[in-house]
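# Structural features, examined
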Amino acid sequence: MKQDLMCFLSGGPAPMRWLLLESLTYIEKIIALYPNARLVVVTEIEEAAELPAFAGLPIEWHFLDYRREKLPFAENSFDAVLAENLLTLAYEPYDVLMDISRKLTDVGVLYGDFLNVRYTGVLAALKQGEFPVREKHLYAKSEMVRLLDDTLFKEIDFVPGDSDENSEAETLWEAAGYANINHELSVSRYLFRAACSTAAVANLKGLYSPAVRKELARILHRIEYDVQRAENLERLQVLCAQEGIFPEYLRDFIAEACCHRERVLALLK
């Protein structure tokens, strides 16, 4: 089985500001799916901008080696970053991921892939004394979770990118005592989606501006800890009326922002 990162992009709200890192094969796919998106493409291949396939497309080109240079963009510049082979080829994966996470908005998403060090083909090569890790980075899925957690990503999904079907080798390694959760021994490459916020928090952040959310959190915390409570209950009513904050949103926001949720909800009745 083989699939690419487009498998994550079939639904949901359209990310409008995209950064593609050395992922030229995805340019036309992204534009076809999100025709109004703004695309920024980083590549070392300067000739790419002159290719007929990209003529007339709304692309902002930057020519540099992201492995050696920090990305020349402001923080919170992108809704989505797509980077095929990024973690396989990066010199310092942690530094690259931290740089990307800062360039994403607080509800931004990174789409990427990595080679599975627990794939039967890799294990067989190691058994023969071959060490592909000297040429490129390979990862176990658990290691990738830690790396993405450490670089401030909150919600991570994995799907097999390239995998064997009916693999006899998988059965043999499993019989030898190797753990094989979700048939990961048959997967040579994983695809992942790493979000800067959980789905619940992303939904909360998507409806109102950061300034409104900050003021709402400040008022709720004052109510929660009895700081001029009556005055802040009144301020909450004014803010909700002014910004159109509806009851269901307010309940969800309290659930995410307050430690003593039931106490706050009781005070609002």
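See the structure above.
This section reports on the structure supplied with the text.

About the cut-offs
- Residues numbered from 1 in each chain as written.
- Predicted model: local features only at pLDDT ≥ 70, side-chain atom pairs only at ≥ 80, totals over all residues.
- Heavy atoms only, no water.
- Buried < 20%, exposed > 50% of the residue type's maximum accessible area, 1.4 Å probe, protein only.
- Helix = DSSP H or I, 4+ residues; strand = E, 2+ residues; numbered from the N terminus.
- Pairing = 2+ DSSP bridges.
- Axes fitted to C-alpha atoms, helices over the stretch in contact; angles between N-to-C directions.
- Parallel < 35°, antiparallel > 145°, perpendicular 65-115°, else oblique.
- Left-handed = near helix turned anticlockwise from the far one by under 90°.
- Contact = heavy atoms within 4.5 Å.
- Arc of directions from axis to C-beta.
- 1 Å grid on protein atoms, 1.4 Å probe; cavity = no way out; pocket = protein on both sides within 12 Å on 5 of 7 lines; lining within 4 Å.
- Points joined across faces, edges and corners; volume = space filled by probe spheres on them.
- Nonpolar A, V, L, I, M, F, W, Y, C, P; charged D, E, K, R; others polar.

Across the 9 residues that make up strand S7 (residues 187–195), a large majority, 7, are buried. With 7 bridges connecting them, strand S5 (residues 104–115) and S7 associate as antiparallel partners. From the neighbouring strand, Asp113 faces S7, where its bridge partner is Leu191. Here strand S6 (residues 155–163) runs beside S7; their pairing, made up of 8 bridges, is antiparallel. Note on S7: the bridge partner recorded for Pro160 is Tyr190.

Bringing the packing of helix H3 (residues 93–103) against helix H5 (residues 141–150) into the picture now. Axis separation between H3 and H5 bottoms out at 9 Å; the angle between their running directions is 45°. In terms of orientation, H3 and H5 fall into the oblique class. At the point where H3 passes H5, the crossing takes the right-handed sense. Contact residues: H3 offers Pro93, Tyr94, Leu97 and Met98, while H5 offers Leu147, Leu148 and Asp150.

Buried residues of H5: Met144, Leu147 and Leu148, and no others. Along H5, the residues classed as buried sweep out an arc of 95° about the axis, all on the same side. Packing partners of the buried residues in H5 comprise helix H2 (86–89), H3, S5, S6 and S7. Leu152 occupies a position one or two residues after H5 and carries a positive phi of about 80°.

Computed from the structure, the second largest pocket encloses a volume of approximately 280 Å³. As for the second largest pocket, its lining consists of Leu233, Leu236, Gln237, Cys240, Pro247, Leu250, Arg251, Ile254, Leu265, Leu267, Leu268 and Lys269. When contributions to the lining of the second largest pocket are tallied by element, the ones reaching two or more residues are helix H9 (229–243), helix H10 (247–257) and helix H11 (261–268). When the residues that make up the lining of the second largest pocket are grouped by side-chain class, the tally is 9 nonpolar, 1 polar and 2 charged.

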